[in-house]
Amino acid sequence: MSPLSCLLSPISCLLSHVSSLLSPVSCLLSHVFCLLSHVSSLLSPVSSLLSPVLCLLSPVSCLMSPLSCLLSPVSCLLSHVSSLLSHVSCLLSHVSSLLSHVSSLLSSVSSLLSHVSSLLSHVSSLLSPVSSLLSPVSCLLSHLIHVACVCAGHNATRDVVTLVKSVLFHRRNPLHFHFITDTVANQILSALFQSWMVPSVQVSFYDADELKSEVSWIPNKHYSGIYGLMKLTLTKALPADLSKVIVLDTDITFATDIAELWGIFRKFTDKQVIGLVENQSDWYLGNLWKNHKPWPALGRGFNTGVILLYLERLRRIGWEQMWRLTAERELMSMLSTSLADQDIFNAFIKQNPVLVHQLPCFWNVQLSDHTRSEQCYTEVSDLKVIHWNSPKKLRVKNKHVEFFRNLYLTFLEYDGNLLRRELFGCPSPASLDSVQLQNALEELDEDDQCYDFRRERLTVHRVHLNFLQYEYTPAPDGTDVTLVAQLSMDRLQMLEAICKHWDGPISLALYMSDAEAQQFLRYAQASEVLKNRKNVGYHVVYKEGQFYPVNLVRNVALRNAKTPYVFLTDVDFLPMYGLYDYLRRTVVHLDMAHTKKALVVPAFETLRYRLSFPKSKAELLSMLDMGTLYTFRYHVWPKGHAPTNYAKWRTATTPYKVEWEADFEPYVVVRRDCPEYDQRFVGFGWNKVSHVLELDAQEFDLVVLPNAFMVHMPHAPSFDISKFRSSSSYRTCLNTLKDEFHQDLSRKYGSAALKYLTAQRTI
């Protein structure tokens, strides 16, 4: 219906213009007729006057014979003129009548065209909403590009993000990514794309475990393992109605619009089903070393880092059976694959060369050692796709590797938030989440003094879970405890010390930019302490907005803890040695599984950057007495931890219960299903206080542990605390948010929360 609307609209407009043009023509002809009628009426008396003149001249002609000879032709001429004018007058009379009828007809046509134009205008207005509804669908169906990738494990997900960034940066079309993943990659990538919210991008996931039986019988020496064979199964794995797909390795970087590559499908002959670039190394020539025996290939063979698969045709020719027969035949002599799926694709093409469409080599510039990749380009504009297909990756030898490395690093560190842009001429169908977000944003009052605080709460941050390798095996006794914390780049130096103090699992949320995340990666990979700890989950929350969304970041760490219990702390605290084992024993002793308790770990601090950390409670008390240590924030914010009752703790040997007091913000151990932090609190102020307040509202008992402690290490003040101290509007808005939080708590918990409304408000 949309094209019909577009067609009728210009026709209507044209008819309207024709009508408007004919109207003045009709008027002009009417004036011409009137003029000719006047001319005729003027000439008629002249003719009448000439006739008697001729009669008078007749006798004179006898007297004036010579003159008569001269006048006779004149007389004859005038007679003919008179007769002619008479005929002209009659003709003009008929023309006038005809023009009158034409004018009447044109007037009727003009009226009809006016009605038709009005009718078409109404039809167009009726079709306009339908057109706007169908436009995104039409856009998606007409220009949607399908891309498939096999991705398994933590490291591969980071590679996929860089690949996707390079594709999104250049693209002008809607995209549908199809990921064949293991459980780990599925969890990471689904969370990432859900939080990324890129317009006109669809994502589908397919379980690699369900496909393993299709290829597990093939011995493979390649470092990619069984996942390196998964591309052979795409005709089965992908939807049956999907006719074409671009298949990419995760170590690909695009330097152009992927639509150019998609357009090559139109160049396929009727028989061609696979598009590939020739292999740029000598591998399949069999001359790399003595007794080197590669799988059979056509010439130099083809590289499968970039593949155009015509799925519809592949299914039609029986691809699944054909590649299986090829693999079975060659494995009888080759025993195993060396380059995974690439060997089988090449053996298949060797037997069926008519089925392959050779792509120009700039669509897969292969940066492995000893390749002919330099022949694929003469200048930067020639580059289309860069393939880091060497195990050395960025350390590969190539004359222009520095240029390629910089291009790769550009996308590696590129701010992914900038890729959340709508495509021109192709509006994205809004998801439910995006609609709800837009509605919430529209409800905000931009004139509100605290608009920025409220806007921050609605910001959707990209999240990359398990940024590094993570392995955790649940404890069989169900007593395990995860240390949960958040940090930014300026607290990175605390990680090694925390790992030395805490042996158990850790869930850390890191608030960083894309570039900072890469700095963290390099730091962690270079640290002997960090790279040997696999039970630490690092979850990157990417920066966006002007505030530090501290409680959102805490919630990311909390949600991704895998143990029944969590120790909620901050990264600038070092737990006492042995705290992990002590807490595991305590959760059993205090029956945490069946009671609502929040175990308080007393907090202390030092002002010294170099500290001989206390190895026991007795040593800590000695340092406390000597002034080496202090109770946490006693000189700045004593209300925050005073309810811990440090005087009682000094001599306590058994856990003791304390009552909630206003502004109490201890560090606690709770069950993982505890309430989350309230995300309206950003930056500095009331982010932990509000959480402890809600624990109390839910009737958690606050129990202080007598033989546990943690020590805060000194650091420079954060940017957010500086804003709090210097900005009166910041403090005013924080008080406003506190009041609203109290009201929400009262509505949620009723009488159990009334005491908080009467508690003294202090900042």
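This text gives an overview of the structure that appears in the document. Every value quoted in this text rests on a predicted model; they were computed, and no experiment measured them.

Re the sheet that holds strand β15 (residues 565–568)
The nine strands are arranged β11-β14-β13-β12-β15-β21-β17-β22-β20 in an open sheet whose pairing can be described as mixed. Across the chains shown, the open sheet's two edge strands, defined by having one partner strand only, are β11 (463–464) and β20 (656–658).

Examining the sheet that holds strand β1 (residues 145–151)
With respect to topology, seven strands assemble into an open sheet ordered β3-β2-β1-β4-β7-β6-β8, the strand pairing being mixed. Sheet topology places β3 (201–207) and β8 (356–359) at the edges, where each strand pairs with a single neighbour. Direction aside, neighbouring strands of the sheet carry axes that sit 25 degrees apart on average. By the bridge criterion, four bridges tie strand β4 (residues 245–248) to strand β7 (residues 302–309) in an arrangement that is antiparallel. Note that in β7 the partner of L248 across the bridge is V306. Sitting on the sheet, helix α3 (residues 154–170) is in contact with β1, β2 (175–181), β3 and β4, with an inclination near 165 degrees to β2.

Notes on the side chain of N389
Of note, N389 is situated in the loop between β10 (385–387) and α11 (401–412). Polar side-chain contacts of N389 include one of 3.2 Å to the backbone nitrogen of L367. The contact partners of N389, leaving out residues within four places of it in the chain, are D251, N303, Q366, L367 and S368.

Focus: the state of the cysteines
Cysteine pairs can be covalently joined through their sulfur atoms, and such a bond is termed a disulfide. Under the criterion given, the structure shown has two disulfides. With its sulfur 2.3 Å from that of its partner, C361 forms a disulfide with C376. Given an S-S torsion of about -140 degrees, the disulfide between C361 and C376 has left-handed geometry. Pair noted here: C361 is in the loop between β8 and β9 (365–366) and C376 is in the loop between β9 and β10, with a separation of 15 residues, a long-range link. Between the sulfur of C450 and that of C733 lies a disulfide, 2.2 Å long from S to S. Taking the sign of the S-S torsion, about -100 degrees here, the bridge from C450 to C733 comes out left-handed. Remark: C733 occurs in helix α23 (residues 728–749) and C450 occurs in the loop between α12 (432–443) and α13 (451–457); sequence separation between them is 283 residues. The exposure classification of C450 matches that of C733, with both residues buried. Here C151 is not disulfide-linked; the sulfur of C149 is the nearest cysteine sulfur, at 7.4 Å. Residue C151 is classed as buried on the basis of its relative accessible area of 0%.

Parameters at a glance
- Residue numbering note: each chain is counted from 1, following its sequence as written.
- The model is predicted, so local features are restricted to residues of pLDDT at least 70 and side-chain atom pairs to those at 80 or more, both for listing and for counting; the totals for chains, interfaces and linings are taken over all residues.
- With hydrogens and water set aside, each side-chain value is computed from the structure's full complement of heavy atoms.
- Pairing between two strands is assigned when DSSP locates at least 2 bridges connecting them.
- In DSSP terms, a helix is any run of H or I states spanning at least four residues, a strand is any run of E spanning at least two, and both are numbered starting from the N terminus.
- Only the stretch in contact is used when a helix axis is fitted, and all axes are lines through C-alpha atoms; the angle between N-to-C directions ranges over 0 to 180 degrees.
- By the convention used here, residues are in contact when the closest approach between their heavy atoms is within 4.5 Å.
- Here a polar contact means two N or O atoms within 3.5 Å. Within protein one must be a hydrogen donor candidate and the other an acceptor candidate, and residues neighboring in sequence count only if both atoms are side-chain atoms.
- Whenever a pair of cysteine sulfur atoms sits within 2.5 Å, that pair is classed as a disulfide.
- Classification of residues uses two cut-offs on accessible area relative to the type maximum, computed with a 1.4 Å probe and protein chains only: under 20% is buried, over 50% is exposed, and between them is partly exposed.

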